[in-house]
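Residue-level structural notes
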Amino acid sequence: MRYRPSGVEALSASPADGWTVAVEQPGGPLVVNFRNASGHLSRLEATWTNGPTARVIEK
């Protein structure tokens, strides 16, 4: 990803074997979802809020 004061841009996302990736940018944070066949989700949410911020959610 690339952080800028105007927002965050996805550059690439390469999932591991057995995982899929979906990139979303619904008008707010950049969201990258990695999911495996058993339904495990690793979600990255990246924003620019007075500087670069990111959080990872595991489900």
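The structure reproduced in this document is the subject of the present report.

About the thresholds
Residues numbered from 1 in each chain as written. Predicted model: local features only at pLDDT ≥ 70, side-chain atom pairs only at ≥ 80, totals over all residues. Heavy atoms only, no water. Pairing = 2+ DSSP bridges. Helix = DSSP H or I, 4+ residues; strand = E, 2+ residues; numbered from the N terminus. Axes fitted to C-alpha atoms, helices over the stretch in contact; angles between N-to-C directions. Salt bridge = Lys/Arg side-chain N within 4 Å of Asp/Glu carboxyl O. Phe/Tyr/Trp six-rings, centres within 6.5 Å; stacked < 30°, edge-to-face > 60°. Buried < 20%, exposed > 50% of the residue type's maximum accessible area, 1.4 Å probe, protein only.

Turning our eyes to something else, we now look at the sheet that holds strand β3 (residues 19-24). With antiparallel pairing, 4 strands are arranged side by side in an open sheet as β3-β4-β5-β6. Strand pairing shows two members of the sheet lacking a second neighbour, β3 and β6 (52-58), which therefore form its edges. The sheet shows a mean angle of 15° between the axes of neighbouring strands, direction not considered. Inspection of the sheet shows strand β4 (residues 30-36) paired to strand β5 (residues 41-48) by 6 bridges, in the antiparallel sense. Counted as the bridge partner of V32 is L44 from β5.

What follows covers the pattern of salt bridges. Side chains that differ in sign of charge can pair as their charged atoms come close. Taken as a whole, this structure holds 3 salt bridges when the rule is applied. For the salt bridge of R2 with E9, the shortest nitrogen-to-oxygen distance reads 3.3 Å. Residues E45 and R55 are paired through a salt bridge, measuring 2.8 Å at the closest nitrogen-oxygen approach. Pair noted here: E45 is in strand β5 and R55 is in strand β6, with a separation of 10 residues, a long-range link. Each of R43, E45 and R55 takes part in salt bridges that share partners, so that together they form one network.

All right, on to the packing of aromatic side chains then. Scanning all chains against the criterion turns up 1 aromatic pair. Between the aromatic rings of Y3 and W48, the centroid separation amounts to 6.5 Å while the plane-to-plane angle is 50°, which identifies the pairing as tilted. Of this pair, Y3 sits in strand β1 (residues 2-4) while W48 sits in strand β5, and the two are 45 residues apart along the sequence. We classify Y3 as partly exposed; its relative accessible area is 27%. Overall, the relative accessible area of 32% leaves W48 in the partly exposed class.

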